[in-house]
Amino acid sequence: MTATTLTHDEVHHHDTPRGWRRWLFSTNHKDIGTLYLFFALTMLFLGGASAMLIRMELFQPGIQLLEPDLYNNLVTNHALLMIFGAVMPAAAGLANWMIPMMIGAPDMALPRMNNLSFWILPAAASMLILSFVVPFFPGGGTQINTGWTLYPPLSIQVGMSMDFLIFAIHLLGISSVLASINIIVTLLNMRAPGMTLMKMPIFCWSWLVTAFLLILVVPVLAGGVTMLLFDRHFGTSFFDAAGGGDPVLFQHLFWFFGHPEVYILLLPSIGVLSHVIPAFSRKPLFGYHSMVGAMLAVATIGMVVWAHHQYTIGMSLGAVTYFMIGTILISIPVGLMIFNFIATMWRGSMTFETPMLFAVAIILMFTFGGLSGVMLAVVPADMQYQDSMFVVAHFHYVLMPGAVFGLFAGVFYWLPKWTGHMYDERLGKLFFWINVIGFNITFFPQHFLGLAGMPRRIVDYNVMFTEFNVVSSIGAMIFGLSHLLFLYIIIKTIRGGKQARNRAWEGAKGLEWELDSPPAFHTWTVAPQIR
Amino acid sequence: MTQTSTPPADNPVLPLPRREPSDQRALPLCSRSLGTGLALLLGAPCADADYGINFPEPAAGVAQEIYDIHMLTMTIATVLLVIVFAIVFYSLYFHRKSRGYVADQNFHNSWFGHWSWVIVPMLVLGVDLTIAGKADAVLKEVWEVPKEQNIMDVKVTGHQWWWEFDYLDHGIKVESRFVPKEQSGDLYLREVDNHLVLPTGTKIRFLHTSADVLHAFWVPALAVKKDAIPGYVTETWAQIDREGTFRGQCAELCGTWHSRMPIVVDAVSPKQFAAWVDERKAVMVAAAAEAGSDRTWSLDELYARGKTGFKTRCAPCHQVNGMGLPPAFPALNGSKIATGPIADHLRIVINGKQGTAMQSWATLDDLEIASIVTYERNAWDNKTGDVVQPADVKKAR
């Protein structure tokens, strides 16, 4: 490199763009990571508000607050906002921020595509919100009352808002696939010299697996909803039995995407935990290799067990037996992950800062959710659980600790690195306790509701289900409102606070902690050498 | 068939007193939650159905087996959970920096660290196989309907938002719709106008299908949940082993009034069942004779009949006041269909409207369609004065 270009690079690197241009035209992985995280936070509050409305309606038997179709629409929106709007973008935000810093790369491999994959999201979110708003206008058609699973023939009956939703899903899918390509290319090509794949931080591994999963399954969902669109408007009969189609085909397409999606939500958080637990136990991760193996195994088995979401459609005995055994076997890699986490804590020298508190809560509660998952996998028993509140309780026990708490842990763990300030530990712990207790009050009673015979997705219920619904709704208000505290902590930390050291946590290991807190706009312009 | 049934309040085929939901609410909340927690913690069969925290007491052999395997997996899950919690809490307490514990930096390099990736999956596999082995045996029995000649067939058809039960071996049919709160009281959303009456001690095969969207037939005490899918016939079976009333609900989201599709099974002795079948047949014969007669009906007669029919079949969507719930369910009061040409009105009632929740009502007899259409054309502000005779319906089909 000549002297002239060096000077040019220097100037370019230190000139941080300002104003809206900095964000709209950004190709910087840190800025795009921040955008992702704030987008996710916004969606978290929208999705949370819909959940709180749902729980308010279910506070008492009878229809008090929401018309049935509005209720069903909120159920649909809550799921889509949380899955596609909150959890996936938040995980992508962590990936954008951390992966280049962790592997010693100056940025993501495809920075302009990175910009595109983020800026598709607000467009997708607008489509999603429009699908909710349009029915309130004259001629806007009926509301989406299908739940996020969009099963035909019900989804064929819905008005034009379903078309908005289908296009929103297309956009969200494009965004995810672009981000995944970027992450795979970055991880495979941009690692610092000496960092072999088996020396790569587990968070990067978890995203490598997640990105492959996304590329494999998102197009299937896109195809499924496109077929739905054709059935709705272009006279095809993919899912219409009267025209020679098959309504169950959509369920297979949907869950071929939908089940791996569970691991797409889960794995990045598993990656975060693999950093948080060793840091606060002050000893290395137990079983790095088995962790990588377990993630690959979960992804592989997770791809071929989708039909356990639809045991009641009347598959053959052979098919359900296969799906049952496959599903039960998932407990092996997942059990190994949990075991590795516990063994990392074992004989460690633990302290309990907020990220570690969330990590411990994940281990306990995710184990609980996983075990109720094994119960659900058992076909004969699932004939009772299927589509009951037991399922709602189960998947919230898996996804809330497994995905969302993992993201909270990650945010608290890396917030000092991102902002250069320590967050208020006292408030962080307060948030943890309110959040976790609120969560358990909300979802634990729903197990009983399901077993006693309350179906899910009903707007109104018999008095025999009242007590647990009251408890659950009270819990939901505590749980929902606690996130305002989370928002406050974040804002407070961004605005100021105790200066964070470069290695913000005593036991933290990894390249990201070698950088300044906050890191320079461009980092690792000279790649570090890994032994 | 609705208008000919006995009202649920004094239904003669209810041999057992109903379990009142209010009984289930007798215990104060705190003691119940405590009991609940303990029951789940112990995974014990003491989890009493009356408190609504576990499956209701099974009323069929298959349901009992499902109940048993549920309790088995729950027990295994609880034991594992206790073990995990114990290990974690031990570690949380003893392996703390504040207690001066120094981290063992080589723990992962011990023999245990090297071989745990084999040991742990083996242990988990052992648990998995225990569960899967037991489940597999039960699954065969639950899934495969016994191949017997004399099995009784009941065809269950899901509609938005009511159930239709065809007793294929007896040639009778029951339509079952939810009962508004004023009439059902504490059983609101757990009560229907016409119960599904079934004999005990008889193997019954349920054939599930749907006329519109997906539904799912679920009666927890019988443990027969299966989706009703248009274009498919799925099957489940049960042999009910005690008399009683068993309540369930539609379990697959089917649109606006998904919450209003209860299922109520009355299990009676085969003798009582035979008597009930005879009674229904007589009622059906009488109704058919009336509908088939060539007489000309007056506006008032049709209006009165149509009012009942409309309230049962049409009002759930179009509302008793005819105003509908737009945009999903259009108003009939003042609508172009209900005040325009009779032929168009008949066509939409008989054929339904594709792509909407408006289904075909072609299975109703001529008299019933004629009376409902007459009612719709004369009720509220629709004072057309039109009279539609059964003969007109016959022509329009």
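1. Some words on the overall build of chain A
A tally of helices and strands in chain A yields 17 helices and 0 strands. By the compact-globule yardstick of 24 Å for 531 residues, chain A fits well, its C-alpha radius of gyration being 23 Å. Seen through its C-alpha atoms, chain A measures out along the principal axes to roughly 75 × 50 × 45 Å. Across the 531 residues of chain A, 63% fall into the buried class.

2. Looking at helix α9 (residues 247-281) of chain A
The α-helix advances 3.6 residues per turn, and as a result positions three or four apart in sequence lie on the same side. Residue and element names in this part refer to chain A. Its 35 residues give α9 an end-to-end C-alpha distance of 51 Å, which sits within 8% of 51 Å, the value for a rise of 1.5 Å per residue. Of all the bends in α9, the greatest, near 30°, is centred on Trp255. The buried fraction of α9 is high, at 33 of 35 residues. Looking one or two residues past α9, Arg282 carries a phi angle of roughly 55°, positive in sign.

3. Side note on unusual backbone geometry
The linkage connecting A:Pro152 with the following residue, A:Pro153, adopts the cis geometry, with an omega of 5°. Turning to its location among the elements, A:Pro153 is positioned in the loop between α5 (111-133) and α6 (154-157). Cis geometry is found at the peptide bond from B:Gln160 to B:Trp161, where omega equals 0°. Within the secondary structure, B:Trp161 sits in the loop between β1 (152-159) and β2 (162-167).

4. Let's talk about the interface of chain B and chain A
The interface is formed by 88 residues belonging to chain B together with 79 residues belonging to chain A. Listing elements by their share of the side of chain B that touches chain A, those giving two or more residues are α1 (21-24), α2 (29-42), α3 (61-94), α4 (111-143), β7 (226-228) and β9 (244-249) of chain B. In terms of residue count, the dominant contributor to the side of chain B that touches chain A is α4(B) (17 residues).

5. As for the environment of A:Lys283
Structurally, the position occupied by A:Lys283 is in the loop between α9 and α10 (288-302). With near-sequence residues (within four places) excluded, A:Lys283 lies in contact with A:Pro278, A:Thr344, A:Gly348, B:Ala103, B:Asp104, B:Gln105 and B:Phe107.

6. With respect to the packing of helix α4 (residues 68-103) of chain A against α5(A)
Two quantities define a packed helix pair, namely the angle between the axes and the distance from one axis to the other. Residues and elements named next belong to chain A. At their nearest, the axes of α4 and α5 sit 11 Å apart, and the two run at 170° to each other. Here α4 is positioned roughly antiparallel relative to α5, judged by the angle of their axes. Of the residues in α5, those touching α4 at Asn73, Asn77, Leu80, Gly85, Pro89 and Asn96 are Asn114, Leu121, Ala125, Leu128 and Phe132.

7. Considering the nonpolar core
Core analysis: the biggest nonpolar cluster contains 261 residues, and A:Val87, A:Val276, A:Ala359, A:Ala409 and B:Leu222 have the highest contact counts within it. Counting residues per element, this core draws most heavily on α4(A), which supplies 22 residues. If sequence neighbours within four positions are ignored, A:Val87 has contacts with A:Met82, A:Leu265, A:Ala403, A:Val404 and A:Leu407. Counting 19 residues, the second largest nonpolar core, distinct from the first, contains B:Cys314, B:Phe329, B:Val373 and B:Val393.

8. Let's talk about the confidence of the model for chain B
All names here are of chain B. When pLDDT is averaged along chain B, the result is 84; 87% of the residues meet or exceed 70. By mean pLDDT, α1 is the weakest element of chain B at 40, and strand β4 (residues 196-199) is the strongest at 96. Within the model, the stretch residues 1-50 combines pLDDT values under 50 with 70 contacts to residues more than four positions away or in other chains. For this predicted complex, the interface confidence score (ipTM) comes to 0.91, while the overall pTM stands at 0.88.

9. A word on the sheet that holds β1(B)
Residues and elements named next belong to chain B. Strand order across the open sheet formed by 5 strands is β3-β2-β1-β5-β8, with mixed pairing between neighbours. Looking at strand neighbours, the two that pair on one side only are β3 (172-176) and β8 (234-239), the edges of this open sheet. Ignoring which end each strand starts from, the neighbouring axes of this sheet average 20° apart. As judged from the 6 bridges shared by β1 and β2, these two strands associate in the antiparallel manner. Its bridge partner being in β2, Gly158 is matched across the sheet by Trp163.

Parameters and conventions
- Residues numbered from 1 in each chain as written.
- Chains lettered and ligands numbered in written order.
- Predicted model: local features only at pLDDT ≥ 70, side-chain atom pairs only at ≥ 80, totals over all residues.
- Helix = DSSP H or I, 4+ residues; strand = E, 2+ residues; numbered from the N terminus.
- Rg over C-alpha atoms; globule rule 2.2 N^0.38 Å.
- Buried ≥ 20, exposed ≤ 12 C-beta atoms within 10 Å, placed from the backbone.
- Expected span 1.5 Å × (residues − 1).
- Bend = angle between axes of the 7 residues up to and from the residue.
- Contact = placed C-beta atoms within 7 Å.
- Axes fitted to C-alpha atoms, helices over the stretch in contact; angles between N-to-C directions.
- Parallel < 35°, antiparallel > 145°, perpendicular 65-115°, else oblique.
- Core = buried A, V, L, I, M, F, W, Y, C linked by C-beta atoms within 7 Å.
- pLDDT = per-residue confidence, 0-100.
- Pairing = 2+ DSSP bridges.

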